[in-house]
Amino acid sequence: MKKGLLLAGILAVMTGTAANAQRLHYGLKAALALTKITGAGLKENLAPGFQGGAFFEFDLSKDKKWGIQPELLFTQTSAKRGPDFASKYVTYHNTEGKDKISISAATIPLLVRYTPIPAITLNLGAQYTYMYFIDENLLKANRDAFKKSDVAAVAGAQVNVANVRFFARYALGLSNINDIPAPQYDWKSHQVTIGMGVAFK
């Protein structure tokens, strides 16, 4: 349901741009992604990764102070099994499971933009992440330990220099991405991204 609403919102924004092309800007961006997944059985350390993809900026007001910023990003990150994993998930844990967990995901932020002065933009919104590949064998019988979907709240700031954007952003996961049936412990994502983008229009 949340995924459908987010995608519908992005589609509505992009459909409306045909008649308002002068208000649309788009480009590519890349960032260092520092990710931490908190919860029982995992190491709560920031793991470096990569995030990159396309962004769109659509101005809602004539003075260009207010707008919408949807993005479509590829995210590569990782996590680690904690030393207490076996004691927390006694029934399900795989005694031969590896410590490192690699995650590849498609991330779709939908942000409100506020630009008080041309050089500075503030962002606030939400993002949906679909983890389409998770390399882990934490549980017996090849059972998945992670859910595929995550929804997060996002806040950040951006410095605009001509067509170049320098940005920093924090995403706080709102979903429990732990798919282990019992006992029920929450796993929540935290991500800091620092990077730059280039607008082609």
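An unreviewed UniProt entry lists the chain under the name Outer membrane protein with beta-barrel domain, with Chitinophaga ginsengisoli given as the organism.

(A) Geometry of the pattern of salt bridges. By the definition in use, this model includes six salt bridges. For Arg165, the salt bridge is made with Glu57, and the minimal N-O distance between the two is 2.8 Å. With Arg165 in strand β7 (residues 164–173) and Glu57 in strand β2 (residues 47–59), the pair connects residues that are 108 residues apart, well separated along the chain. Both residues of the pair, Arg165 and Glu57, count as buried. For Arg113, the salt bridge identified is with Asp59, shortest N-O distance 3.3 Å. With Arg113 in strand β4 (residues 100–117) and Asp59 in strand β2, this pair connects stretches of sequence that are 54 residues apart.

(B) Examining the nonpolar core more closely. Grouped together as the largest cluster of nonpolar side chains are 18 residues, with contacts concentrated most on Ile37, Ile101, Leu138, Phe146 and Trp187. Considering each element in turn, this core owes the most residues, three residues, to β4. Residues contacting Ile101, with those up to four places away along its chain left out, are Leu42, Thr77, Ser78, Ala79, Lys80, Arg81, Ile134, Asp135, Glu136, Leu138 and Phe146.

(C) A look at the sheet that holds strand β6 (residues 149–161). Pairing within the closed barrel is antiparallel, and its eight strands lie in the order β1-β2-β3-β4-β5-β6-β7-β8. Averaged over all adjacent pairs, the angle separating strand axes in this sheet is 25 degrees, with direction ignored. Note that β7 and strand β8 (residues 188–199) share nine bridges and pair antiparallel. Among the inter-strand pairings, Leu172 is bridged to a residue of β8, identified as His190.

Parameters at a glance
- Residues numbered from 1 in each chain as written.
- Predicted model: local features only at pLDDT ≥ 70, side-chain atom pairs only at ≥ 80, totals over all residues.
- Heavy atoms only, no water.
- Salt bridge = Lys/Arg side-chain N within 4 Å of Asp/Glu carboxyl O.
- Helix = DSSP H or I, 4+ residues; strand = E, 2+ residues; numbered from the N terminus.
- Buried < 20%, exposed > 50% of the residue type's maximum accessible area, 1.4 Å probe, protein only.
- Core = buried A, V, L, I, M, F, W, Y, C linked by side-chain atoms within 4.5 Å.
- Contact = heavy atoms within 4.5 Å.
- Pairing = 2+ DSSP bridges.
- Axes fitted to C-alpha atoms, helices over the stretch in contact; angles between N-to-C directions.

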